[in-house]
Structure formats: structure tokens, C-alpha cells
Amino acid sequence: MTVGEFRCPSAEWNCAGSAERVRQVLRERIVAAPGSPVRYLEQGGGVVITGAVTEYSYRETASSHAATCGSGRNAYPCTRTTHRGQASAGIAFNLLDARTTEIVGTTSLSRQTSDSADAAQRSRLDGSRMLQALLEGMADEFARLIVPWYDEVSVVFRDCDGPAEASCAAGVAAVEAGNYDLAVQHFDAAAAAGRALAADEQAEIHWNRGLALEYGGQFAEAIAAFGEARRLDPGEADYAREMENVQRMKTNADQLLEQGVGQTPAAEGAEPGVSP
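Note that the structure is a prediction, hence the values are computed from the model and not measured.

**Student:** I'm lost on helix α4 (residues 180–193) in this one. Help?
**Tutor:** Think of an α-helix as turning once every 3.6 residues; residues three or four places apart then point the same way. Helix length check: α4, at 14 residues, gives a terminal C-alpha distance of 20 Å against a target of 20 Å (1.5 Å per residue), a fit within 8%. Looking only at α4, the buried set comprises Y180, A183, V184, F187, A190 and A191. On an axial view of α4, the arc spanned by its buried residues comes to 115°, and they lie on one face. Summarising the geometry of α4, the exposed residues directed more than 90 degrees from the buried face are D181 and Q185. With a side-chain oxygen positioned 3.1 Å from the backbone nitrogen of L182, the residue opening α4 is N179.

**Student:** When you look at the state of the cysteines in this model, what are you seeing that I'm missing?
**Tutor:** A disulfide bridge is the covalent bond that connects two cysteines by way of their sulfur atoms. Taken as a whole and judged by the stated rule, the model has three disulfides. In this model C8 forms its disulfide with C15; the gap between the sulfur atoms is 1.3 Å. The sign of the S-S torsion, about 45°, decides the handedness of the disulfide formed by C8 and C15: right-handed. Classification of C15 by relative accessible area gives buried; the value is 0%. Here C160 pairs with C168 through a disulfide, and the sulfurs are 1.8 Å apart. On the S-S bond that ties C160 to C168, the torsion sits near -55°, and the link is left-handed. Since its relative accessible area comes to 3%, C168 is described here as buried. By sequence order of its bonded cysteines, the chain has the disulfide arrangement 1-2, 3-4, 5-6.

**Student:** Explanation requested: the pairing of strand β2 (residues 47–69) in the structure shown.
**Tutor:** On a regular strand, one side chain projects to one face of the sheet and the next to the other, so that they alternate. As judged from the four bridges shared by strand β1 (residues 2–7) and β2, these two strands associate in the parallel manner. What sits directly across from T2, in β2, is V48. As defined by bridge partners, β2 adjoins strand β3 (residues 76–97) across 22 bridges and the pair is classed as antiparallel. If you follow A67 over to β3, its bridge partner there is C78. Counted along the chain from β2 to the antiparallel partner β3, the turn is six residues long, and its residue G70 has a positive phi close to 70°.

**Student:** Just checking my understanding: could you explain the environment of S167 for this structure?
**Tutor:** Within the secondary structure layout, S167 lies in helix α3 (residues 165–176). What makes S167 buried here is its relative accessible area of 18%. Between the alpha carbons of S167 and A191 there is a distance of 8.8 Å; along the sequence they are 24 residues apart. Here S167 is in contact with H186, A189 and A190, once residues within four sequence places are set aside.

**Student:** Explain helix α6 (residues 219–232) here, please?
**Tutor:** In this model α6 runs 20 Å from its N-terminal to its C-terminal C-alpha over 14 residues, within 8% of the 20 Å that 1.5 Å per residue would give. For α6, the complete set of buried residues consists of F219, A222, I223, A225, F226, A229 and L232.

Calculation notes
Residues numbered from 1 in each chain as written. Predicted model: local features only at pLDDT ≥ 70, side-chain atom pairs only at ≥ 80, totals over all residues. Heavy atoms only, no water. Helix = DSSP H or I, 4+ residues; strand = E, 2+ residues; numbered from the N terminus. Expected span 1.5 Å × (residues − 1). Buried < 20%, exposed > 50% of the residue type's maximum accessible area, 1.4 Å probe, protein only. Arc of directions from axis to C-beta. Polar contact = N/O pair within 3.5 Å; in protein donor to acceptor, adjacent residues only side chain to side chain. Disulfide = S-S within 2.5 Å. Pairing = 2+ DSSP bridges. Contact = heavy atoms within 4.5 Å.

In short, shape yes, function no, at least from these values alone.
What follows is the structure, given as C-alpha cells:
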């Protein structure tokens, strides 16, 4: 596999340098892939990854509001200004058959990020840095779809109460052992045993079940589990955030699998760190 050219439509915010960094991230991921049947070649690879930065923009706005500066007898009315920077970036990735130059797979990613600072700290709003971080993150995300990878992550499995406690503990132990199918069975048992628990306590069981499904590569089922947790406890932001994260992984993986390339990312040895 060879990484080819990544074009950039803008001369602003060091777009060319960020596009080159995308190529570096892809090369590093392919070279470092553990036990991978995919080999990186500087040239002559059977498959060539090319692409283009499709979006690369940064804008900054400022808003002012009345405030009180100083304190006590030294207090006085003043105006405070807040600066907000928002970066948006996108990449289109192509997989080409090197012999025919035919495109055998495509996928597009786009991301946004923002930051804010008061007038005294405005200099820390760095549009170039924010945009490069977005592109690097998307390159890393794409690489995980096409080569095996190991990752160590830390997730918090929630404690279960009452009749569900023993099954939850067994589920966490199964996750620590890397047996996600068994973990799901234990969390299913916990959900059945905990039907009389308060809604937020039941939601924590479904959160645990969703994490086990996610790390077992069962994305659709994980989304459903996080959705149930969110239904039971809509005020817990973690449930919606993780459901969105898994939905994104599923969409990206499905696009490549439908084209005959890629793999289910978590199937190749993801190793979650468990914090019960």
C-alpha cells in the first residue's frame, strides 16, 4: 500500500503543511499496524491512498458584555470581550488500484471544533493548530478502518446496585478478560435482574452493555443499548455522546466494507482499560 498525493484548496492557515501531515499519519499507521497483512511501500504499492482536503476554514468572532471589574471599593463597570474561534475541516479519501488507477473505495469525513478566550488570552486561539488537529484526527480515524490496530482506552463501567450487582461485576470481569460476548450475557442478566431499580440505575446497566458491545465490534447493537440508557436517563450527557461516537464509527466502517475494503475496527484487538 502506498500513500499518494493529498491536495489542499487553500493557501491559508498552513493548509499544505496540514495536508502533508495527513500523509505522514497514514504512513505511520500502516507501518505500525500490528500483525498486518498490509505493507507500506514508498512507491509501487498495489493500492494507493490519495485524497483532497475538501474543507479548511477558520473564523473568529467577538462578543462584548457589560461586567464589573475589580472588587469591593475598587469595583467599577467595564466591558468584557470574549473571542471565539471555530475551525471546520473535511477530507475525501480515495483508494486506487495502482495497476488500473481505478478508484475502488472512497469515503469522506468532516469535523468541527471551537475554542474561546477573553481579550487577554486571545493569542491562544490558533486557527492553524486547530485545523491541523482536525485533519490529523480524521487521518487517524480513516487509517483505523483499513489496517488492524490496537488501542488502549479507559472507559468507566458503572457500578450496579441491588439484584444486578453480581451480574454487573461478572460482566466487568469478562471485559477485563477480553471476552465481550460473555460480558454482554452478564449485562443482559443484570438488566433482567434490575427491572425494579430506578430508571437512572437501569440506564447504567445498559451503558455497561453498550460499552461491551462497542468493543466487541457490534456497533448497531451498541447504539441501541446507549439509546436505551439515554431514554431511561436523558440528563446524562455521556449516553448521547457515546451513541454519536459509535454511530460515526459504524457509518465509516459500513462505507468501506460495502466497497470491499476495510474491516470492523474493534475486531482486531482493541483493548479497553476498565475503570469499574
